[in-house]
Amino acid sequence: MLRKLLKWSAVFLTAAAVVFAALLFVPKDNGRAYRIKIVKNQGISSVGRKLAEDRIVFSRYVLAAAAYVLGVHNRLHTGTYRLPSEVSAWDILQKMRGGRPDSVTVQIIEGSRFAHMRRTIDSTPDIGHDTKGWSDEKLMAEIAPEAAGGNPEGRFFPDSYEAGAGGSDLQIYKAAYRAMQRRLNEAWAGRQEGLPYKDPYEMLILASLIEKETGHEADRARIASVFVNRLKIGMRLQTDPSVIYGMGDAYKGKIRKADLRRDTPYNTYTRAGLPPTPIALPGKAALDAAAHPSGEDYLYFVSKMDGTGLSRFSRDLDEHNAAVRKYILKK
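Rules behind the numbers
- Residues numbered from 1 in each chain as written.
- Predicted model: local features only at pLDDT ≥ 70, side-chain atom pairs only at ≥ 80, totals over all residues.
- Heavy atoms only, no water.
- Core = buried A, V, L, I, M, F, W, Y, C linked by side-chain atoms within 4.5 Å.
- Buried < 20%, exposed > 50% of the residue type's maximum accessible area, 1.4 Å probe, protein only.
- Helix = DSSP H or I, 4+ residues; strand = E, 2+ residues; numbered from the N terminus.
- Contact = heavy atoms within 4.5 Å.
- Expected span 1.5 Å × (residues − 1).
- Axes fitted to C-alpha atoms, helices over the stretch in contact; angles between N-to-C directions.
- Parallel < 35°, antiparallel > 145°, perpendicular 65-115°, else oblique.
- Left-handed = near helix turned anticlockwise from the far one by under 90°.
- Nonpolar A, V, L, I, M, F, W, Y, C, P; charged D, E, K, R; others polar.
- Salt bridge = Lys/Arg side-chain N within 4 Å of Asp/Glu carboxyl O.
- Pairing = 2+ DSSP bridges.

Chemist: How should the nonpolar core be read in this particular structure?
Modeler: Across soluble globular proteins, nonpolar side chains show a tendency to be buried alongside one another. Ranked by size, the top nonpolar core spans 54 residues in total, and within it Met 117, Phe 156 and Ile 210 carry the most contacts. Elements with a contribution of two residues or more to this core: strand E5 (103-107), helix H5 (114-122), helix H6 (136-143), strand E6 (160-164), helix H7 (170-189), helix H8 (200-213), helix H9 (217-233) and helix H12 (284-291). Discounting residues that sit within four places of it in the chain, Phe 156 has contacts with Phe 114, Met 117, Met 140, Ile 143, Tyr 173, Ala 176, Tyr 177, Met 180 and Leu 281.

Have a look at this one:
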C-alpha cells in the first residue's frame, strides 16, 4: 500500500512539474507586442496580476512562484519593457530581473523644488547622467538658451517622463521644461481679465505659492483670490512657504517669529509683492487657480487644523483673528 502511494505521489509530482515547466517555459503567442511599466517598489504579485489580466502569461501564479524561487520577486528593475508577441513567463522574468528596461520612467512630484528634481534624476538608474555635476546655469543654457542665466525654479512641469534606457538625462529636463512652457502659455492665454500679473512668469510665481499653500482642490482658487486681492491693494502676501524657501538650509522644520522678521528676498512678511522667483514646481491645478481665482473678496485664510487640509477664509482682520483663536489657539 505504501509503495503504491509513493508511486502515485511520484506520478503526481512529475505531472505537476511538467505542467509547471510548460506554463513557465513555453512561449505564449499573444499576436502582438506588449509594453509593461514597472514602478518603484512594485512586486511580482501586481506585475503578474496585470500580465494575467491582459492575457500575456498562462499563469500569474507560476510567474510569481518562479520569481520567489529565484529571489527576485521584490527586485524588479523599474522602467518600461517591450515584450515580443511570443514570450514565455521565464523570458519575462529574465528581462525584468537583470536586463535593462527599454525605457525608464522618472516621476517629478508636484510642489517639489527644482533641487529635489535634480536629485531624483541623478539617482535614477539605467539612464546616462550627463548633467550630473553641472551648475544650474549650465543646465539651463543647454535646455533653453533663451532662458540662460535664469533661475530654474518652477520652470519644469511635474509629471512622469520616459527616457530611452541608456539615453541622456538631458532629454528628461528638456521634456519637463517644454511641458511647463506649454502649460503656462495655455493658462496665460485663458486667464481672467484684470489679474495683477505683468507676464506669465509672475503668474508662475503665484502658482508656486498656491501649490505650497494647499493640496486641497476646493481651496486653491480661494487662496489664489486672497493673493490676487492683496497684490491689487499693495498688501503683503505674508505666506510662510515663501519665507521657508528663503531660509534655505536654515529651515529645520519649524518657522519662528524671528524668521518672519528676518528680511530675505523671499520674506513676504517684510517685502511687498511677489517673491523674485517661484518657490516650487507647480502642477496644472495650481496654474489653473492662478489664472482663475475664485473672485471672492477674501484677504485672509488660516488652516482649520482638523485633518481635512481645508482653510477658513476671512474678509477682514477681526474675522481672521477670530478664526485664528478658534482653529490655531483653540480658544
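Chemist: Please clarify how H7 should be interpreted in this entry.
Modeler: Every α-helix carries 3.6 residues per turn, so stepping three or four residues along brings you back to the same face. Spanning 20 residues, H7 covers 29 Å between terminal C-alpha atoms, matching the ideal 28 Å at 1.5 Å per step. Turning to H7, its buried residues number three or more, namely Leu 170, Ile 172, Tyr 173, Ala 176, Tyr 177, Ala 179, Met 180, Leu 184, Ala 187 and Trp 188. Buried residues along H7 sit in contact with E5, H5, H6, E6, H8 and H12.

Chemist: I keep staring at the packing of H8 against H12 and nothing clicks. Help me out?
Modeler: The angle between the axes and the distance between the axes are what describe a pair of packed helices. With their axes 8 Å apart at the nearest point, H8 and H12 run at an angle of 120 degrees to one another. Classified by the angle between their axes, H8 and H12 sit oblique to one another. As for the relative orientation of H8 and H12, their crossing is right-handed in sense. For the pair H8 and H12, the contacting residues are Met 203, Leu 204, Ala 207, Ile 210 and Glu 211 in the first and Ala 286, Leu 287, Ala 289, Ala 290 and Ala 291 in the second. Each residue belonging to the contact of H8 with H12 can be placed in one class, and the counts come to 9 nonpolar, no polar and 1 charged.

Chemist: What's the story with the pattern of salt bridges in this structure? I'm lost.
Modeler: Any two side chains of opposite charge can pair, so long as their charged atoms come close to each other. Under the criterion given, the structure shown has 10 salt bridges. Among the ionic pairs, Lys 198 bridges to Glu 202, the shortest N-O distance being 3.0 Å. Here Arg 262 ties to Asp 259 by a salt bridge, and the two come within 2.9 Å at their closest N and O atoms. We classify Arg 262 as partly exposed; its relative accessible area is 45%. Ionic contacts of the salt-bridge type, sharing partners, join the residues Arg 256, Asp 259 and Arg 262 into one network.

Chemist: What should I look at first to understand the pairing of E6 in this one?
Modeler: Of the two faces of E6, the one lined by Tyr 161 and Ala 163 is fully buried and the one lined by Ser 160, Glu 162 and Gly 164 carries no buried residue. Relative to E6, E5 runs antiparallel, the two sharing 5 bridges. Residue pairing across strands places Val 104 opposite Ala 163, the latter belonging to E6.

Chemist: Can you help me understand unusual backbone geometry in this one?
Modeler: Trans is the common state for peptide bonds, and a negative phi is the common state for residues other than glycine. Even without glycine at this site, Arg 55 takes up a positive phi of about 60 degrees. One can find Arg 55 in the loop between helix H2 (44-53) and helix H3 (60-70). Given a relative accessible area of 66%, Arg 55 falls into the exposed group. Phi angles above zero are rare outside glycine, and Gln 238 is one such case at about 50 degrees. Turning to its location among the elements, Gln 238 is positioned in the loop between H9 and helix H10 (240-247). Overall, Gln 238 belongs to the partly exposed group, its relative accessible area being 36%.

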